[in-house]
Every structure is written in C-alpha cells, then in structure tokens.
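The lines below spell out each chain.
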Amino acid sequence: MNLLEVKGASKAFGGIQALSDCSVSLEKGKINGLIGPNGSGKTTLFNVVTGYEKVDAGEIIFNGKPITNASPDQVFALGIGRTFQLTRIFPRLTVIENMHVAAQRSGLSGLLARWSQSHEQKRAIELLDYVGITRLKDTPAGNLSYGQKKLLEFAFILIADPQVILLDEPAGGVNPTMINLLASRIRGLNELGITFLVVEHNMEFVMTLCDRVTVMHRGTKIAEGPPAEVRRNPAVLEAYLGD
Amino acid sequence: MNLIIEAVVFGILTGGVYALMASGLTLIFGVLDIINIAQGGMVILGAYLSFWLQQHLQLDLFLGLLITMPVMFGVGVLIHAVFIRPLKQDRTMLSILVTFGIMLVIQGLLTIVFTTDTRKLQAPYVTDALRVGDFYLSYIYLYVFALSAILLAALYLLVYRTRFGQSLRASIQNRTAAELIGINVNRIAALTFGIGVALAAAGGMAYGATTAFDPNSGLDLISRLLVIIVLGGMGSLSGALIASVSILVIQDVTAVIWSPTWSVVVAFALMIIVLVLRPQGLLGKVEGRKQ
Amino acid sequence: MTKLLNPAGLLVLLAGAIAFPFVINDPTYTTIAIFALLFAAAASGWNIFSGYTGYIALGHAAYFGVGGYALAIMCQRWHIQGGYTPFYLVPVCGLIAAAFAVPLGAVALRTRRHTFVVITVASFFILQLLSYNLRGLTNGSSGIDFPLILQWGPDFYNLPFYYAALILTLVALATSWFIRNSKFGLGLLAIRDDEDRAQGLGVKTGASKLIAFVISAFFVGMAGAVLNYFIGNVQPTFTFDSLFDVAVELMVFMGGIGSLSGPILGALVIESADQYTALQFSFGPGLHLLVYGSLFLVVILFLPQGIVPSIKGQWARYQASRSNDQPLPSANGTGPGSPAMGVTASREEAKA
C-alpha cells in the first residue's frame, strides 16, 4: 500500500526546472531511499511534500487524501515529519526545550501549563535516551556538535508520533559510529511501523538500510526498485557519471 | 483646483528633496542591512554645516556643498568603522540603538553649538519667486529639485553603470556570495555608508533652504524617511524616489483638500495600507530567509 | 537569572522593596523609585514581546500614551475625584491599550524585521498625531489635567503611587515568568530562533506573536496610566514620547534581553540614573542629549551582550576555572532499548 504518493509534480525556480513531472511513491512500512546526483531535485521534492514549497503542477496524496500545497504545519499535523540537510533546531533553547517545541499542544490549558511538568516531559526524556543525548538536555542546542544536532532534530520529529519521516541527508558530515547509530535507530523505528524516506549521498548507507530505492535525475524519476537492482541499472550509472 | 495643482507641484518638488535624503538611507539598508536612524540627524547636521559656511564664510549654499559633502562622507566612513563595523551579533537591535545614540550625540552637539533657535538657510534666490499661474513658486524649490535630480542621476549612474556599483548591488543581493567572489564587502559597506551620509549633507542643504529647522528636527524627519523607504521597498532606489514623490504629493494635496493637521496621518495610514497588501513595499524584494 | 538568587534572597529583596519608602522617606528618592519601577514594569512588558519573539517593536510609546490618556479622559468625563479611585481604573486602561494593540499588532505582524520596526514606529506617530488632532476627545495640545489629590499631604503623596508601581512591576514579572515556563513561551522563543521551522512543527506563530504583542501593550498601557497620573497631566508631546521605546530598548538590552530579571534591572539602573542626574546636575538640553547618547554608545560597544548576561558569563567562567573540570565522560547510548520503544538496540556512543 502506498502511504505517500507524488504524482507528476513539477516545480520551476525562475529558469530552472527543479522538478519535472516527477512521480514517486512510498510503500507503507518500508524504508525508502532517494538518491540522485546533485541538482536532481531531491530536496525540492522534500520541500513540496512537506509544504515548504508549492508545486506548479501535480498532486501529493497521503493516506489516500490529497495534501497538495498544504502548509508545513498542516503536513506535520497529519503525521509527516522531516529533517533538514543543514539542521534546523532552535539554538538558543536547551535540548529539552527543543523537544517541547515540537511536542503536540493540547488546547489552551496545554499551552499555559509549565512545560517541565507536562506529560510530554517523560516522553521527551525517553526520546533523548533513545538517541543518546539525554546528558545534554539542559545544554543550549546551539552548543551541540553537528552530529548531536542531527540526533536532536531526529528526536524532536519523533515526539509528534509521525507515520512518515523524511530524512534529508542524515548521514552527511558525521562519523561512522554516528552513522551506525542512526541506521540502527531508523531500523528500530521502522520495525515499530514508521515509514521512512531517506535522501542520501552515502551509497553504502542507502544500499544497506533501504528496502526500496528511487533514483532521480534532472527533476524526475529514472529508476526504482530494490537496491541491488538499482545499482546495476545502466541509466543510473549514466546519470551519475555522465553529467 | 489651482490649489490642488499648486499642491501637486510642491509635492513633486519637495518629494525630490526627500528622495535625496531617503536614497542614502535605503542604500545603507540594502548593503549593510541596518536602519540608520542617525540619517535624520545627518541631514540636519548637513543643514547646519551649510548654515555655518554661509554665515561665517559667506559661501554660497550650492558651492558650500563642495565642502560639506566630502566632509560628511568622511564622517560617515568614520562612524561606520567605529560604531557599525564592530556589531556582529543581534545586528537589528544593536544597530537601532547605536544609530539612535549617534543621533542623540549629533542632536546634543548641535544644540550646544547652535542653540535651539530655528534657522533657515538664506540666499538671494530663496526669496525670489517665479510666478506660475495663480501662485508663486520660490526659485529655491526649483534649484534644490534640480540639485536632487542631478545627484540622484549621478547616484543612479554610480550604482548601475560602474564596477563599484556592480559590487554594491552584488553585496545587496547576497553578501556571502559577493565575499566569495572576491568583493571586499567591508570596504563597500564603509563607502556606502559614507555615500549615504554625503547624500544626507546635500539633502540637508536642500531641506534647510526650504524648511525652518532646529536641532530636534531630525527625529521627525527620520520617521518620515523611514515611512518612505519602507513604502518604496527597502534597498530600492527607484522605490525611494517613487515613494517620496507620492507621499509628498498625497500629503500636500490632503492638506489642501481636507486639512493640514490630517495630512500626515493620511500619509502614514496609506503607507500602512500598502504594506498590509504588499509587505515588501512597492519595489522591494520579498523578505526571504536570513542569509 | 533567578538561579543566581535563591527564594530566600528574593524574599529579602521583596521585603526591602516593600519597606523602602518608609526607610527612605525623602520624596526625591521615592519619586525616582516610582519612575524606575514603572519603567521596569513597562520594560518587562516590552520584553514579553520583543525579548521573547525577537521582533523589535519601537512603537510601544503609543500604548503608554493610550494608557495615560485613557485614565485622564475617564477621570475627566466621569468626574472622578483625585485619590485612590483612579488606581482602580488602571487595569481598564491597560485593556484599552491592549485593544488598540490588536489591530495595530495584526497589521504590523504581517511583516518582519525592519519593515515591522517601521510600521510600529508609524503606528506610534499616527496615535500621537491623533492625540493632537482629536481635540474634542483629547483637548489637543493643551492636554488634560488629572484631578488634584488635595487630601494627600506632601509626605504621603508618593506612597500610593510607589506601591501601585511596585505591584505593577511584580505582576509584570510574574507574568513574564509564567509565560517563560509555559509551552506558549517556548513557542515565542522558538519563533525568535527560527520562525518558519517553529511554524512547521506546529507552533501557531501568528496567534502567538499577536497575543504576546497585546499582553506587552497591556502592561505598557498600565505603566503609562500610573505614571501620567503621578505627573498630573497628559499632553501629546510628553505622553506620546518618541524617545520612550528606545529608552526601554536600552534598558532591556542592558539588563539582558529575553531574560526575566534583565528588563527590571536595566530599567531600575538606567531610569534611576537618568532621573538622578537630571536632578543633581543642571544639564542644558544639549549637554543632556550629548551625555545620554554617548553613554548609549559606550555601553553598547563595550557590553554588547548587555550587563546581566555579561556578568553571568563572567561568573560562569569563574566557576568553571575554579572547579577544575574533568573531561565529561563519554555517553553511553541507550541501554538494551528503552521501554516505550521496545527495541533491542546495541550500545552505541552518542558522541559525534
């Protein structure tokens, strides 16, 4: 069953056609990978799905319902979380405060309550444990290392109990130990039923982690299938080497 | 009807002067991303300099500009180096405080030296008037309008037809990228600030010749200038020009049709309406993410 | 901020503040204290919006003025006697100022950063001009006098004002604290750091900003009501004071913008100093401006973080050097899976 579908999405920025009749689908419960050379439109695809950009044409369907051009908060409320290539966390807030920003608000009383006493506090700490940065909970997020910020972003996306998580280059710029941690966490969450779409340049990461891989080139999909199949596909090789 | 025509004519002429004062402000914003509240004070300082040169050296107002403009350019570069350049974090808030502090210092100095008596720049052609239809148009308005037009044209050429101008526009568009291709953004910033202040000097002479002023006039002036550059689109020279003339014409016509006391309110209110519909101003860029 | 002072210390301060006018019975000093406290309340209010969200509002003098005029007009129209009664109307004045803030804030908040600043300035000027022009309501440039309070002798006069100011400051402080520790407050701070990201995570940014703006106008309006009542009249030039916002910004900045006690400390220090020097030294207007402006510049250039944060920073560094840190132990990842996750995870290092 396809949890998320992009049908024929097109998006241009000035003279540049970032997405060109792009159709991608995410199978529910799988870890989907998205690869492609620089400029192939991967981040733009993320942006249109999560509402940070609007499509010029095409549709985006989630759980059978159209969500085309919804705003980022609507998308998040529907259960689609995303991380950013250059992590977007709140540097002047502490780690635990960052977690609470993302935690679901429950009406007026929820907003006025002291966040440190709220019921989300337990869950926030649990998630910080899960990614292993609990000891940093009172540190301003801006003081974290790059890798730790990635873990924080991952954790606060989780606090909203998303059905789908879009990860934009989670393994970029971090050491191998961290990469393994991320991979194991992704697998762990996937076993609980969360669907993933991972954009990555780290081929080993994608090939070992993902059940299915989609390849983009020049704004559109050029191949799709299990990792082993895709890596042998001549069109894919050409896309990477030919440009 | 004649009153309206007169209002429109005056509006255009004084609009040109305001455009001159506002152009420096909008350029400084574009390149340095700060609001130079002291610009109001700089204009008045320019007016007083012209006043002093005329009183003590009997120097003609326009010739005096050959002295005041370079001097103020230097002052601008100095102020930038000492007060603006060191600001690294929290620039929005700090630049407001710093430029306000500078304005207070200017205001204080002028009050001490010149007292709070109102002044007006005098010259023989200030009093002579041209008869146009039913009303008299003092020659000075035409001359300062011509001055504004010439300086604005020169500025336009500088910004759009020279290499310096190219670097300047690159710095406005994307500071980081400009640095990466070898543009000395700090130098551009310093020079731009200097140019902005020099323009204020010229604007000061024009303003002082047409309006009575005292050391405290700067505050009122800067609020009008801010309205103008926001309406025109911050960072846009043509925007500043269009906005200046429009606001002044609307203000003067409102004063005639309705009442002088309400004319300024109308101008402000109109600005707000435009900004509600178009937050970036008439010719401004949409506010993107911070670079 | 309050981490530096434990509850006992705060109680001592509070006791001191309450006892102050009895210990120091000199009206000169209690007058300075009244001004300082009212600016502290206004600064706290301003900080709730600008300090927390990062949007620099420079038009709050408008709400200060509305508060003052509201009280004066009510006293005049309803023939209220001088004395305690006007104090009961102060919260109403705050609400009136807040009511003005709703449309003005809604319009201004459609823009960001510099444009926002300019619109707030413009809305201030519009209200100032209205106070000149709506003569039927405001009596134009002559202003309105508050009813005289003949029944309070010169020794007693300042006391009710002092306590009103103190109460207002404490309420503003409590509100700031409450907001800071609430989910709502976290939302505001998130807006300051990355507004679009906050919105994307579900923070209702539009509503949050406007509510904070209105709350800040409420406090500034009340401060305006009390201060103008103390001064005895309202007039367009003084009640709508174009230097107000920058003065408040300087106070908040010096104390530490976005902090709880910062605005109050900054206001107490600066306003007291300002009032004191005005009394002690007969500066001509020019010299006064010159000194004020120069002090501005000196403080900003040498203490760019503000005074309280700089002191806190020094204190933290001092403590760190004293305790001779051992390097922090490397973290273990999770143990054998966290209960809610039900996942068997291998022990990993979280250190990157």
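Residues numbered from 1 in each chain as written. Chains lettered and ligands numbered in written order. Predicted model: local features only at pLDDT ≥ 70, side-chain atom pairs only at ≥ 80, totals over all residues. Heavy atoms only, no water.

## Overview of the interface of chain C and chain B
Tallying the contact residues gives 41 residues for chain C and 45 residues for chain B. Each partner contributes to the roughly 4,000 Å² buried at the junction of chain C and chain B, and carbon and sulfur atoms together form 80% of this total. At the junction of chain C with chain B, the criterion picks out zero salt bridges. Inspection of the chain C/chain B interface yields one residue pair in polar contact (both at pLDDT 80 or more). (Contact = heavy atoms within 4.5 Å. Buried area = accessible area lost by both parts, 1.4 Å probe. Salt bridge = Lys/Arg side-chain N within 4 Å of Asp/Glu carboxyl O. Polar contact = N/O pair within 3.5 Å; in protein donor to acceptor, adjacent residues only side chain to side chain.)

## Describing the packing of aromatic side chains
Each aromatic ring pair is described using two quantities: the centre-to-centre distance and the angle formed by the ring planes. Applying the stated rule across the entire model yields 40 aromatic pairs over all chains. Here the aromatic residues C:Phe35, C:Tyr84, C:Phe87, C:Phe146, C:Trp152, C:Phe156, C:Tyr157, C:Phe161, C:Tyr229 and C:Phe230 are joined through ring pairs into a cluster of three or more. It is A:Arg82 that lies over the ring of A:Phe84; its NZ or CZ is 4.0 Å from the centre. Over the face of the ring belonging to A:Phe84 we find A:Arg88, whose NZ or CZ atom lies 4.8 Å from the ring centre. (Phe/Tyr/Trp six-rings, centres within 6.5 Å; stacked < 30°, edge-to-face > 60°. Lys NZ or Arg CZ within 6 Å of the ring centre and 35° of its normal.)

## Quick word on the sheet that holds strand E8 (residues 195-199) of chain A
All names here are of chain A. Ordered in space as E6-E7-E8-E3-E9-E10, the six strands form an open sheet in which the pairing is mixed. Every other strand in the sheet has two partners, leaving strand E6 (80-82) and strand E10 (220-225) as the edge strands with one partner each. Strand-to-strand twist of the sheet, defined as the mean angle between neighbouring strand axes without regard to direction, takes the value 20°. Across four bridges, the pairing between strand E3 (residues 31-35) and E8 is parallel. Along E8, the bridge assignment pairs Asn 32 with Leu 197. (Pairing = 2+ DSSP bridges. Helix = DSSP H or I, 4+ residues; strand = E, 2+ residues; numbered from the N terminus. Axes fitted to C-alpha atoms, helices over the stretch in contact; angles between N-to-C directions.)

## Thoughts on the sheet that holds strand E2 (residues 16-27) of chain A
Residue and element names in this part refer to chain A. With respect to topology, four strands assemble into an open sheet ordered E2-E1-E4-E5, the strand pairing being antiparallel. Every other strand in the sheet has two partners, leaving E2 and strand E5 (65-66) as the edge strands with one partner each. In this sheet, strand E4 (residues 57-62) lies alongside strand E1 (residues 2-13) in antiparallel orientation, the contact comprising five bridges. Bridging across to E4, Ser 10 finds its partner in Ala 57. The strands that helix H1 (residues 42-49) touches are E1, E2 and E4; relative to E2, the one it contacts most, it runs at about 70°.

## Things to note about helix H9 (residues 185-210) of chain B
A rise of 1.5 Å per residue sets the reference length of H9(B), with its 26 residues, at 38 Å; its end C-alpha atoms lie 37 Å apart and thus fit the reference within 8%. Within H9(B), 23 of the 26 residues are buried, which leaves the element mostly enclosed by the surrounding structure. (Expected span 1.5 Å × (residues − 1). Buried < 20%, exposed > 50% of the residue type's maximum accessible area, 1.4 Å probe, protein only.)

## As for helix H9 (residues 205-231) of chain C
All names here are of chain C. Its 27 residues give H9 an end-to-end C-alpha distance of 39 Å, which sits within 8% of 39 Å, the value for a rise of 1.5 Å per residue. Burial within H9 is extensive, with 20 of its 27 residues counted as buried. Count one or two residues on from H9 and you reach Gly 232, which has phi positive near 110°.

## Quick look at the environment of C:Leu129
By the element assignment, C:Leu129 lies in helix H5 (residues 113-133). Separated by 100 residues in sequence, C:Leu129 and C:Tyr29 place their C-alpha atoms 34 Å apart. Excluding residues within four positions of it along the chain, C:Leu129 makes contact with B:Val264, B:Val265 and B:Phe268.

## Overview of the pattern of salt bridges
Residues and elements named next belong to chain A. With the rule as written, the count across this model stands at 16 salt bridges over all chains. Notably, a salt bridge pairs Asp 56 with Lys 11, separated by 4.0 Å at the nearest N-O pair. Of the two residues, Asp 56 sits in the loop between H1 and E4 while Lys 11 sits in strand E1, which places them 45 residues apart along the sequence. We classify Lys 11 as buried; its relative accessible area is 10%. A salt bridge links Lys 221 to Glu 224; the nearest nitrogen and oxygen atoms lie 3.1 Å apart. Look at Glu 224 and you get partly exposed, because its relative accessible area is 27%. Ionic contacts of the salt-bridge type, sharing partners, join the residues Glu 27, Arg 212, Lys 221 and Glu 224 into one network.

## Points about the environment of A:Ile165
All names here are of chain A. As for its position among the elements, Ile 165 is in strand E7 (residues 164-168). Of the residues examined, Ile 165 reaches a relative accessible area of 0% and is grouped as buried. For the pair formed by Ile 165 and Gly 79, sequence separation is 86 residues and the distance between their alpha carbons is 8.4 Å. Among residues more than four places away in sequence, those in contact with Ile 165 are Gly 81, Ile 157, Leu 158, Ile 194, Thr 195, Phe 196 and Leu 197.

## Description of the packing of helix H11 (residues 244-255) of chain C against helix H13 (residues 285-302) of chain C
Residue and element names in this part refer to chain C. Where H11 meets H13, the axes come as close as 11 Å, and the angle between the chain directions of the two elements is 30°. Along this stretch, H11 crosses H13, giving a crossing that reads as left-handed. Every residue of H13 that contacts H11 at Val 246, Ala 247, Leu 250, Phe 253 and Met 254 is listed here: Tyr 292, Phe 296, Val 299 and Ile 300. (Left-handed = near helix turned anticlockwise from the far one by under 90°.)

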